[in-house]
Protein chains: 2
Amino acid sequence: MLITYDVSTISDGGKRRLRKVAKKCEDFGVRVQNSVFECIVDATQLKILEIELKKIINPAVDSLRFYKLGNNYKNKVKHVGAKESLNVEGPLIF
Amino acid sequence: MLITYDVSTISDGGKRRLRKVAKKCEDFGVRVQNSVFECIVDATQLKILEIELKKIINPAVDSLRFYKLGNNYKNKVKHVGAKESLNVEGPLIF
């Protein structure tokens, strides 16, 4: 499952939401770009993850997209440019 | 084809690169989030698009990811939150 999160990080609130979304997604997978996550989830986990993410985001200004990538998705991905950003934000402190 | 572009838009240069990447991707598809594009391309078009995008990005700090979504990809996508941002930046003037 590919999850892309559209959030304006100009505001502190946006940065905070991005950190929280990242933390949640990282329970199930890897942060491959600043706001792109590849997660391995079954149907139940996906449902839980979606509910959790909906609690975090501001639906008036942010958006999430979920793409089913299917099996062998690693063969369907190509990365160009800077290294995959596995740990963009550093430690998360609330 | 799903294309995600990781760029820091804190700098003017980053904003400009994002605008250019968006403009190029929009020749082949739709901007569904600020830096996420769904493009319909055949193998040749994809090659051209990739070359063009590589000219625009700063590979030291930016990254692009290309995901093959396959046919009927519309059934594999779920959108949550703010409306799909089809025209985020407005007119592009060089």
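The structure this text deals with has already been given above.
Note that the coordinates shown come from a computational prediction; the quantities given were computed from them, not determined experimentally.

**A word on the environment of B:Ser11**
Residue and element names in this part refer to chain B.
Move 1: With respect to the helices and strands, the residue Ser11 is situated in the loop between β1 (2-6) and α1 (12-26).
Move 2: With relative accessibility at 36%, the residue Ser11 sits in the partly exposed group.
Move 3: Separated by 32 residues in the primary sequence, Ser11 and Ala43 have C-alpha atoms spaced 33 Å apart.

**Re the sheet that holds strand β3 (residues 36-39) of chain B**
Strands belonging to one sheet form pairs held by backbone hydrogen bonds; the direction of such a pair is parallel or antiparallel.
Move 1: Strand order in the open sheet made by the five strands is β5(A)-β4(B)-β1(B)-β3(B)-β2(B), with antiparallel pairing throughout. Both outer strands of the open sheet, β5 (77-81) of chain A together with β2 (29-33) of chain B, are each paired with one neighbouring strand and no more. The average undirected angle you get between the axes of adjacent strands in this sheet is 20°.
Move 2: Of the pairings in the sheet, the one linking β1(B) to β3(B) comprises three bridges and is antiparallel in character. Paired with B:Thr4 across the strands is B:Val36, a residue of β3(B).
Move 3: Against the sheet, α1(B) touches β1, β2 and β3 of chain B, its axis set at about 135° to β2(B).
Move 4: Relative to the sheet, helix α2 (residues 43-56) of chain B contacts β5 of chain A together with β1, β3 and β4 (63-67) of chain B, its axis offset from that of β4(B) by approximately 165°.

**Regarding the packing of α1(B) against α2(B)**
All names here are of chain B.
Move 1: Two elements in contact, α1 and α2, have axes separated by 10 Å at closest approach and are oriented at 170°. If you check the angle between α1 and α2, you find them roughly antiparallel. Between α1, through Arg17, Lys20, Val21, Lys24 and Cys25, and α2, the contact on the second element is made entirely by Leu49, Glu52, Leu53 and Ile56.
Move 2: Split by residue class, the contact of α1 with α2 holds five nonpolar, no polar and four charged.

Reading the values: rules and limits
- Residues numbered from 1 in each chain as written.
- Chains lettered and ligands numbered in written order.
- Predicted model: local features only at pLDDT ≥ 70, side-chain atom pairs only at ≥ 80, totals over all residues.
- Heavy atoms only, no water.
- Helix = DSSP H or I, 4+ residues; strand = E, 2+ residues; numbered from the N terminus.
- Buried < 20%, exposed > 50% of the residue type's maximum accessible area, 1.4 Å probe, protein only.
- Pairing = 2+ DSSP bridges.
- Axes fitted to C-alpha atoms, helices over the stretch in contact; angles between N-to-C directions.
- Contact = heavy atoms within 4.5 Å.
- Parallel < 35°, antiparallel > 145°, perpendicular 65-115°, else oblique.
- Nonpolar A, V, L, I, M, F, W, Y, C, P; charged D, E, K, R; others polar.

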